[in-house]
Amino acid sequence: MTKKRNIFRIFAGFLAFFVAAFQLNLTFAKTEQAKLDKIQQNCSSIKIQLSQIQKNDTKNRVQLGSYFESINTDLMLNLNLRLVKNNITNPELTSLQSDFASERERFKNDYIGYSQELESLLKIDCKADPTNFAKHLNKTRTKRDAVYEGIERLNELLDKHAATVKDLKETL
C-alpha cells in the first residue's frame, strides 16, 4: 500500500509540475503577445526613437573614437617613446598602451556590429512582422550593451594608466 502511495505522490508531483509549467508558458505567451501588440501599435514612434538613437550614437561614436585615438597616440605612445629615449623602462605602461589599443579596436568592431544590427532593425516593418522586429531589437540591445561595456573597459584602462603615471612621477 505504501508503495502505491509513493507512486501516486510522485505522479501527482509530476502532474503538478507539468500543470505549473504549462501555466507559466501561457503567461509568458500572453506577456510576449502583449509586447508584440505594443510594438505593432507604436511602430511609427518606435522607429522615430530608434532613428534618433542612431543619430546620437553616431555622433558619440565619432567623438569617442577620436578621443580614444588621441589618447592612444598623443598621450600613451608619446609618453612611452619619451621614456625609452630617456632610458626609463616601465613595462606596465607599455602593457597598458597595448591593452588600450586592443580594447579600442574591439570597441570599434563592437560599434560596427551594433550599427549594422540597428540598421537592419530599422529596415524591418514592425507592423507587419513584430516578432522578427522584437528578435532584432533584443540583438541590437545586446550589441549596444557590448559597446557600452567596451567604453567602461577603456575608461578603466585610462584610470590604471593615470595611476601608473602618477606612481612613476613619484619615483623620478
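Being a predicted model, the structure only gives us computed values, none of them experimental. (Residues numbered from 1 in each chain as written. Predicted model: local features only at pLDDT ≥ 70, side-chain atom pairs only at ≥ 80, totals over all residues. Heavy atoms only, no water.)

Colleague: An account of the state of the cysteines is requested, with residue identities and associated values reported.
Modeller: Evaluation of the coordinates by the stated rule reveals one disulfide. With a sulfur-sulfur separation of 1.8 Å, Cys43 is cross-linked through a disulfide to Cys126. Residues Cys43 and Cys126 share a disulfide whose torsion about the S-S bond is about 90°; that sign makes it right-handed. Here Cys43, found in helix α2 (residues 43–85), pairs with Cys126, found in the loop between α3 (91–123) and α4 (130–171); they are 83 residues apart in sequence, far enough to count as distant. Cys126 matches Cys43 in its accessibility class, with the two residues each being buried. (Disulfide = S-S within 2.5 Å. Helix = DSSP H or I, 4+ residues; strand = E, 2+ residues; numbered from the N terminus. Buried < 20%, exposed > 50% of the residue type's maximum accessible area, 1.4 Å probe, protein only.)

Colleague: Residues and numbers for a negative patch on the surface, please.
Modeller: On the surface, a cluster of negative charge is contributed by Asp145, Glu149, Glu152, Glu156 and Asp159. Here Glu152 shows up in helix α4. Here Glu152 falls in the partly exposed class, since its relative accessible area comes to 33%. (Patch = residues over 30% accessible without salt bridge, like charges linked within 9 Å, V, L, I, M, F, W, Y side chains within 5 Å. Areas by Shrake-Rupley, 256 points an atom, 1.4 Å probe, with all protein chains shown as cover. Salt bridge = Lys/Arg side-chain N within 4 Å of Asp/Glu carboxyl O. Lys, Arg positive; Asp, Glu negative; His and termini not counted. Charge placed at Lys NZ, Arg CZ, Asp CG, Glu CD.)

Colleague: How would you summarise α2 if you had to cite specific residues and measurements?
Modeller: For α2, which comprises 43 residues, the first-to-last C-alpha distance of 60 Å matches the rise-based estimate of 63 Å (1.5 Å per residue) to within 8%. Phi turns positive, to about 55°, at Asn87, one or two residues after α2. (Expected span 1.5 Å × (residues − 1).)

Colleague: Describe the packing of α2 against α3, and please don't skip the residues or the numbers.
Modeller: Helix-helix packing: each pair is described by the crossing angle between the helix axes and the interaxial distance. In contact at an axis separation of 10 Å, α2 and α3 are set at 165° when each is read in the N-to-C sense. The orientation of α2 with respect to α3, classified from their angle, is roughly antiparallel. As α2 packs across α3, the resulting crossing turns out to be left-handed. Across the contact of α2 with α3, the residue classes tally to 19 nonpolar, eight polar and eight charged. (Axes fitted to C-alpha atoms, helices over the stretch in contact; angles between N-to-C directions. Parallel < 35°, antiparallel > 145°, perpendicular 65-115°, else oblique. Left-handed = near helix turned anticlockwise from the far one by under 90°. Nonpolar A, V, L, I, M, F, W, Y, C, P; charged D, E, K, R; others polar.)

Colleague: Account for the packing of α2 against α4, naming residues and giving values.
Modeller: Running from N to C, α2 and α4 cross one another at 25°; their axes reach a closest spacing of 12 Å. Looking at the two axes, α2 sits roughly parallel to α4. As for how α2 packs across α4, the hand of that crossing is left-handed. A per-class count over the contact of α2 with α4 returns 18 nonpolar, two polar and three charged.

Colleague: Mind laying out the packing of aromatic side chains, listing which residues take part and the relevant values?
Modeller: Summed over all chains, the structure comprises four aromatic pairs. A centroid spacing of 5.5 Å and a plane angle of 50° characterise the contact between Tyr67 and Phe68, whose relative ring orientation is tilted. Between Phe68 and Phe107 the ring centres are 5.7 Å apart and the planes differ by 85°, which places this aromatic pair in the edge-to-face class. Residue Phe68 is found in helix α2, and its partner Phe107 is found in helix α3; the two are separated by 39 residues along the sequence. For the residue pair Phe68 and Phe107, the accessibility class agrees, reading buried in each case. (Phe/Tyr/Trp six-rings, centres within 6.5 Å; stacked < 30°, edge-to-face > 60°.)

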